[in-house]
2 protein chains.
Amino acid sequence: MVMKKRKLGRGVAMVGAGMSKFGAFPDKTSRDLFAEAFGEMEKSVDKGFDPRDIESLYIGNFSSDLFEGQGHTAPIMADWVGLVPRPATRVEDACASGGVALIQGVIAVASGMYDMVLVGGTEKMTNLPTERVTDTLAAASDVLYEAAAGFTFPGLYASIASAYMARHGATEEHFMRVGVKNHENGALNPKAQFNTSIANFMKRRQAKCQEQGQPVPDWKDEIDFLKDAAFNPMVAWPMRLFDCSPITDGAACVLLVAESLAKSFTDTPVHIIGAGQASDHALHERADLTSIGAARLAAQQAYDMAGVRPVDIRIAEVHDCFTIAEIVATEDLGFFYPGHGARAIMEGLTRRDGVKPINTSGGLKSKGHPVGASGIGQAIEVWHQMRGQAGKRQVPMDVPLAVTHNVGATGGTCVVHVYERR
Amino acid sequence: MVMKKRKLGRGVAMVGAGMSKFGAFPDKTSRDLFAEAFGEMEKSVDKGFDPRDIESLYIGNFSSDLFEGQGHTAPIMADWVGLVPRPATRVEDACASGGVALIQGVIAVASGMYDMVLVGGTEKMTNLPTERVTDTLAAASDVLYEAAAGFTFPGLYASIASAYMARHGATEEHFMRVGVKNHENGALNPKAQFNTSIANFMKRRQAKCQEQGQPVPDWKDEIDFLKDAAFNPMVAWPMRLFDCSPITDGAACVLLVAESLAKSFTDTPVHIIGAGQASDHALHERADLTSIGAARLAAQQAYDMAGVRPVDIRIAEVHDCFTIAEIVATEDLGFFYPGHGARAIMEGLTRRDGVKPINTSGGLKSKGHPVGASGIGQAIEVWHQMRGQAGKRQVPMDVPLAVTHNVGATGGTCVVHVYERR
């Protein structure tokens, strides 16, 4: 399909952002987590604001129905943060629910209907046993043709990974290095579920073996550790445990306003200058598994709207639900040629100090993946990095332009946003 | 809350509409039903159009997750009607999911992002046993405080009905007369699930008794029949079986374009000139049960945007998930004073030949209530009535202005649209 160049009726800026800690919180519902995120967002608005000026809410959520037995979750979130009677709309596109809520918020402000919109995401996943979470997530596949054939998400992404290996000669180590990098970043992110590096996992494991009088494994580095099937078991070849993002509880929200109002809230707003969304057939119907067509189209649309090229982008948060997904994402976003995403990870180009830092937050892999909230969590990371407020994980260069890339299922949905700090 | 007067960046018109038959279709999935609706919509565009010009889809759906085990339903619908790779977004606000998808479609066109948007709704409910459907719908209540206390929707609406009776002196007969009227309308709607009047139910039942040699009940009219607990059993006092909308499979969609393009598709577009949405606390938290606050606010916003008054509106499709809900709706929309909604139904004011025809389609009560599709079904009825294409149920007056009113749960969400034929 030839993409029409699109533009918004008026510009949109992000002037506040907040998220709960991502992790497993047995005593918290998604209401509690959302209230936590909202509280942090309120404090983040530099010049302050009156929450009563929020005119509408969009909530990304994959399936509070299946995870918590609660449908109609948007007005409940509105109620829990004191925003009744504002319109409250839940948006669902599997793991892209957060990113798609964000694009709806952008569209809503651009439409002239609302000047100030809250966009949030929430998911409470850890109260179900792991196998039921896996089944619940499998509802995001094409259930009649994929889940029915025995596919769950590790298997679906394993198909992508093995196709990528076959075409580009990548190895398991390429995937492992994505995990190593993202855990290094997540170790510097106090909100991350796995707030630790893989080197630390390795050392802790060695110490434990010593403590228990067992033979201490002779791992020289993280890759040694990750290759040891006893500690990093295969889930679906070639995806091992440390190639998979975790099951997570979490919530996040950002505050959007019409561009013309942004400076009354902060001197450093982050403008959303490009937005693109696309759909695709389910994985089993696709001719090529090594690239996500919806991501390429969404990126093209977002870049065209923003008037920027991939090379202009300084950092990106991409959808690394599995390590292979990050490699494919960096190619779909036009940062690297097909097959070169794997090379880039080996050469350290996507590390925090590389030419194209990817997932400085730790990504879904280390920060955690509360599915409906993940897309908003990405926007929050670029918000912090662009404003120089990312603490120990702040990249060592100025970030005037950034991108987020959020995928639903195996790419049935993809949404890409381009951000500019002015 | 003082409502700010809102306006859209540009006008939006409806130029096509189609729906599946509403009913119980054991052999059809929501994909089949949506394709059926889409096919009818394609034929409805007077001057024709190229479906490839559709730029984005919004799909209202309450819970394909719980009903069909299928999440991420929007891109599947897009795929099934050949619209991949267009953005496909599911919108959920319980039984208002269709109406809220419509307002997102309106906002999306108004934003300048898209010139042509498809808005649909779908729900496939009848493949679960009735008690599981009731439980699934109860997920739209505040599960921690309502479903957990034993409430399902008939009970929640029964609370509204008994509060209304206490305040306004209404009787069960007032509610029954809503059902009689809506079944009379539905008897003239070939798409209705119960394409028959209550008089017909009554006659059929009498004939059956005679046939089986049983004593023939001595019902003089429909109200006699409805008062007979053997044939119209109590579900939750004062709501009986014939006060409840049915469990339904169905899909519906409408085609929206920027106002300036409307005349290239039809000489009689239906413009959406007002749109309002609001949220409310769950029912157990409200001070007053006899009115739905979100409906009053959504209506006020839609009227203000349109620059019209309730008295200007010729017909309305309102959310009669239970008969009491229609009475309350006609008051919340400003057609009648509090307490007078019940009088209006007794005096026939809301019949097809009355001063304010309500639910000429048969409403959710008779046409059926596939929850995610119901809000779109309402828009389709006003589309037909305003264009003089409603067949035997066409109202006997010109309809330049109409309203739809779609409620999520017990009013946690309400969305109101105002339509004008120019």
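Located above this text is the structure these notes cover.
Residues numbered from 1 in each chain as written. Chains lettered and ligands numbered in written order. Predicted model: local features only at pLDDT ≥ 70, side-chain atom pairs only at ≥ 80, totals over all residues.

## Some remarks on the overall build of chain A
Across its full length, chain A holds 14 helices and 11 strands. Since a compact globule built from 422 residues should have a radius of gyration of about 22 Å, the 20 Å found for chain A is in line with a globular shape. Principal-axis analysis of the C-alpha atoms places the extent of chain A at approximately 60 × 50 × 45 Å. The buried share of chain A, taken over its 422 residues, is 64%. (Helix = DSSP H or I, 4+ residues; strand = E, 2+ residues; numbered from the N terminus. Rg over C-alpha atoms; globule rule 2.2 N^0.38 Å. Buried ≥ 20, exposed ≤ 12 C-beta atoms within 10 Å, placed from the backbone.)

## Points about the environment of Met125(A)
All names here are of chain A. Looking at the element boundaries, Met125 is found in the loop between strand E4 (116–124) and helix H5 (130–138). Judged by local crowding, Met125 falls into the buried class, with 27 C-beta atoms found within 10 Å. For Met125 and Leu137, which are 12 residues apart along the polypeptide, the C-alpha to C-alpha distance reads 9.9 Å. Those residues in contact with Met125 that sit more than four places away from it in its chain are Phe67, Val133, Ile247, Thr248, Asp249 and Pro370. (Contact = placed C-beta atoms within 7 Å.)

## Side note on the interface of chain A and chain B
Contacts between chain A and chain B engage 53 residues on the former and 53 residues on the latter. For the side of chain A that touches chain B, the secondary structure elements donating two or more residues are helix H2 (64–68), helix H3 (73–80), strand E3 (88–92), helix H4 (97–110), strand E8 (270–279) and helix H10 (293–306) of chain A. A class-by-class count of the residues in the side of chain A that touches chain B yields 26 nonpolar, 17 polar and 10 charged. Across 3 bridges, the pairing between E3(A) and strand E3 (residues 88–92) of chain B is antiparallel. For Arg90(A), the partnering residue across the bridge sits in E3(B) and is Glu92(B). (Nonpolar A, V, L, I, M, F, W, Y, C, P; charged D, E, K, R; others polar. Pairing = 2+ DSSP bridges.)

## Structural notes on the pairing of strand E11 (residues 413–421) of chain B
Residue and element names in this part refer to chain B. Here E11 lies mainly inside the structure; 9 of its 9 residues are buried. When strand E8 (residues 270–279) meets E11, the two strands line up antiparallel, connected through 9 bridges. What sits directly across from Ile272, in E11, is Tyr419. Looking at chain direction, strand E10 (residues 401–408) and E11 are connected through 8 bridges and run antiparallel. Paired with Gly408 across the bridge in E11 is Thr413. A loop of 4 residues connects E10 with E11, the two strands running antiparallel in sequence, and Ala409 in this loop sits at a positive phi of about 55 degrees.

## What to know about the pairing of strand E2 (residues 56–60) of chain A
All names here are of chain A. Burial within E2 is extensive, with 5 of its 5 residues counted as buried. Pairing between E2 and E4: 5 bridges, direction parallel. Bridge assignment links Leu57 to a residue of E4, and that residue is Leu118.

## Describing the relation of the copies chain A and chain B
Mapping chain A onto chain B is achieved by rotating through 180 degrees and translating by 0.0 Å along the same axis, at an RMSD of 0.0 Å. The operation mapping one copy onto its partner corresponds to a two-fold rotation axis. If distances are taken from each C-alpha of chain A to the rotation axis, the shortest is found for Ser111(A), at 1.7 Å. When the interface residues of chain A are mapped onto chain B, 100% of them are again interface residues, pointing to one common binding face. (Least-squares fit on C-alpha atoms with pLDDT ≥ 70 in both.)

## Focus: the packing of helix H6 (residues 153–168) of chain A against helix H11 (residues 323–332) of chain A
Residues and elements named next belong to chain A. Taken N-terminus to C-terminus, the directions of H6 and H11 make an angle of 55 degrees; their axes are 9 Å apart at the nearest point. One element, H6, and the other, H11, form an angle in the oblique class. In this structure, H6 crosses over H11, and the sense of that crossing is left-handed. Counting all contacts with H6, which are made through Tyr157, Ile160, Ala161 and Tyr164, the residues of H11 involved are Ile324, Ala325 and Val328. Taken together, the residues of the contact of H6 with H11 sort by class into 7 nonpolar, no polar and no charged. (Axes fitted to C-alpha atoms, helices over the stretch in contact; angles between N-to-C directions. Parallel < 35°, antiparallel > 145°, perpendicular 65-115°, else oblique. Left-handed = near helix turned anticlockwise from the far one by under 90°.)

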